[in-house]
Amino acid sequence: MPDTPAEVAASFPPPAGFAEQANASAELYEQAERDRLAFWAEQARRLHWATPFTEVLDWSDAPVAKWFVGGRLNVAYNCVDRHVEAGHGDRVAIHWVGEPVDDERTITYAQLQDEVSRAANALTELGLVAGDRVAIYLPMIPEAIVAMLACARLGAMHSVVFAGFSASALTARIQDAQAKLVITADGQYRRGKAASLKAAVDEAVAASDSVEHVLVVRRTGIDVDWTDGRDLWWHDVVNDASPQHDPEAFDSEHPLFLLYTSGTTGKPKGIVHTTGGYLTQSSYTHVNVFDVKPERDVFWCTADIGWVTGHTYIVYGPLSNGVTQVVYEGTPTSPDEHRHFQIIEKYGVTIYYTAPTLIRTFMKLGRQIPAEHDLSSLRLLGSVGEPINPEAWRWYRTVFGADRTPIVDTWWQTETGSIMISPLPGVTSTKPGSAMTPLPGISAMIVDDEGNQLQPGTGHGEQVSGYLVLDKPWPSMLRGIWGDPERFTETYWSRFAERGWYFAGDGARYGSDGEIWVLGRIDDVMNVSGHRISTAEVESALVGHSGVAEAAVVGATDEQTGQAICAFVILKARAANEDRDQMVDELRKQVATEISPIARPREIHVVPELPKTRSGKIMRRLLRDVAEGRELGDTSTLVDPSVFEAIRASK
Ligand code: PRX
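Residues numbered from 1 in each chain as written. Predicted model: local features only at pLDDT ≥ 70, side-chain atom pairs only at ≥ 80, totals over all residues. Heavy atoms only, no water.

### Re the sheet that holds strand β4 (residues 92-97)
Argument step 1. With mixed pairing, the seven strands of this open sheet are ordered in space as β5-β4-β17-β16-β18-β19-β20. In this open sheet, the two strands that pair with only one neighbour each are β5 (104-108) and β20 (407-410). Direction aside, the axes of adjacent strands within the sheet are offset by 15° on average.
Argument step 2. Helix α16 (residues 390-400) contacts β18 (351-354), β19 (380-384) and β20 of the sheet and is inclined by roughly 150° relative to β19. (Pairing = 2+ DSSP bridges. Helix = DSSP H or I, 4+ residues; strand = E, 2+ residues; numbered from the N terminus. Axes fitted to C-alpha atoms, helices over the stretch in contact; angles between N-to-C directions. Contact = heavy atoms within 4.5 Å.)

### Describing the sheet that holds strand β24 (residues 502-510)
Argument step 1. Here we have four strands laid out as an open sheet, ordered β21-β22-β24-β25, and antiparallel in their pairing. Sheet topology places β21 (444-447) and β25 (516-521) at the edges, where each strand pairs with a single neighbour. In this sheet, neighbouring strand axes are inclined to one another by 45° on average, regardless of whether the strands run parallel or antiparallel.
Argument step 2. Alignment of β24 against β25, held across five bridges, turns out to be antiparallel. Looking across to β25, one finds that Gly 507 is bridged to Gly 520.

### Points about the domain arrangement of the protein chain
As a measure of interface size, the accessible area lost when the parts come together is often cited.
Argument step 1. If you check the domain split of the protein chain, you get domain 1 (35-88 + 106-272 + 301-308) and domain 2 (526-650).
Argument step 2. Distance between the C-alpha centres of domain 1 and domain 2: 36 Å.
Argument step 3. Taken together, the 16 residues of domain 1 in the interface contact 13 residues of domain 2.
Argument step 4. Here domain 1 packs against domain 2, burying approximately 970 Å² in sum over the two surfaces, 47% of which is carbon and sulfur.
Argument step 5. Summed over the three residues of domain 1 that lose the most area to domain 2, namely Ser 262, Gly 266 and Trp 307, the buried surface amounts to 39% of that side.
Argument step 6. Inspection of the domain 1/domain 2 interface yields zero salt bridges.
Argument step 7. Between the two partners, domain 1 and domain 2, sit nine residue pairs in polar contact (both at pLDDT 80 or more).
Argument step 8. A per-class count over the side of domain 1 that touches domain 2 returns five nonpolar, nine polar and two charged. (Domains from an automatic or database assignment. Buried area = accessible area lost by both parts, 1.4 Å probe. Salt bridge = Lys/Arg side-chain N within 4 Å of Asp/Glu carboxyl O. Polar contact = N/O pair within 3.5 Å; in protein donor to acceptor, adjacent residues only side chain to side chain. Nonpolar A, V, L, I, M, F, W, Y, C, P; charged D, E, K, R; others polar.)

Dropping the structure here:
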């Protein structure tokens, strides 16, 4: 008996033609099973090492792993120069498509090598050395990728901050990392309009004491304020620099980048990734999960470089494999809903990797839009960021994939660095909505409260769910939280401390064939359109408003965005008399300014009281029931069950 209606449908085996030519065969699982560390050593050797490693894994300092001990390599050399030296300098690395129509650039690997070398020389001129931190606050323009690679080339850590984040979010990240340099643009195009970026940087830098220079790319030509001595134009310093630069090899465990992500508190965590292990797994997963053939594929990952997906599957994965890719600057619906389909058609995109929320947007717009375009170049589709509902999965395969392309639903996190659970497209029979099984070399389990593994195949309608854990270290795992080793241990390694397992924060269950169905976060982290936002962050933005006494935030199921942010606020007496609608408006703006427009609550309810347990903890579960219009769950632990009458009345 199948577990859910989704499993009633037959699974989708890989088409024979695909399986025959696939990079990965079932043999890969066997190899990894036979000797996991030897398997990873072999994957690492796909890269160029200036000094070979002498040990694959040192786990003696757990939970901080050392992978490929003693090895030295340069990430930028591996992503760029290596391909030029192998005779592929004329291959297109990036087909860049700007948001304004016809604003396009094609960059070959040889050109990328010149650009990255110039940028590395320019950054050195500015005093940057290995170990320094650089904040990158740029739209999706080629300079963003060049800047990341230039940092990697010099052994400086980049901290890319999504250009949709506000000045105060940027300030917090610059301060925490003590960034010495900020790389930004005058402005960015968003839905056809040029909006300022530099102004937010000016505000953030004024509040920070570590920043020495601001390097500014001219993107939109809009006016900017200028601080002489501190601010420099990218085109002045980078274009004039030499295109010759000798990359230095760094230790395998040299830090590569910092990427801030939301946790369960108001303060974002700076996730630390290092060099050899991260690049090994990024490259390995990209070649096997996406089956890329560098000579002929055109890969397109639609993420923003501000998120980990952009780091791993726009920059380090595709470039380490010498692949040609499309990078698109703007929103999918600018100037209209045809944009993505036009790009696929124009560049002959063969592999398309996006988020379920976008697929649902396209679904809503209807299949007549894609039907106007020739999408026959597509041979593989990918999904990431949140559980994909089976209906969207099927639509994706039918409408994008003409009922023939495999789909890889890839589960991973900022912390895991690269894909962990996913089908292999030439091997796995997929079930719509399931990320299926851990990749070769990766070990994951679903366990109960006590750490006992749930029995695969016994779901049988009971829908038993548990905690998703990673029970063995993996090469691209995070090495810590910047400046906070205790939080690192506490957040990820304390739930099953005695077993030494990493707890991912997700709930999951096994399906009838032992495949994994990820159900989503079970901590106070929301997932809105694939963006991770913590309830605490939004709550702290709300209580930052002088009229708010208390706030509680929950993520409620939303058909379009996966989850939507619902806030419940208690106003201070003074503010309670003010116009409610105006107040709610102000609060939504406040969240957009404090964090980002992506964190703006869908709903804000002004309530007289919040449901609390006797120990004073807000019962979010009950608020979620209210937000989703459900019958209330167990209210027996509440101090005052009657608060719900008032909360309901406020909706
Ligand atoms: O809840 C899981 C969800 O996204 C979280 C990680 O978010 P972030 O670090 O921002 O990285 C997103 C891109 C890798 C996970 O804890 N998630 C990610 N991919 C999937 C997913 N949930 C279900 N299925 C997926 N394929």
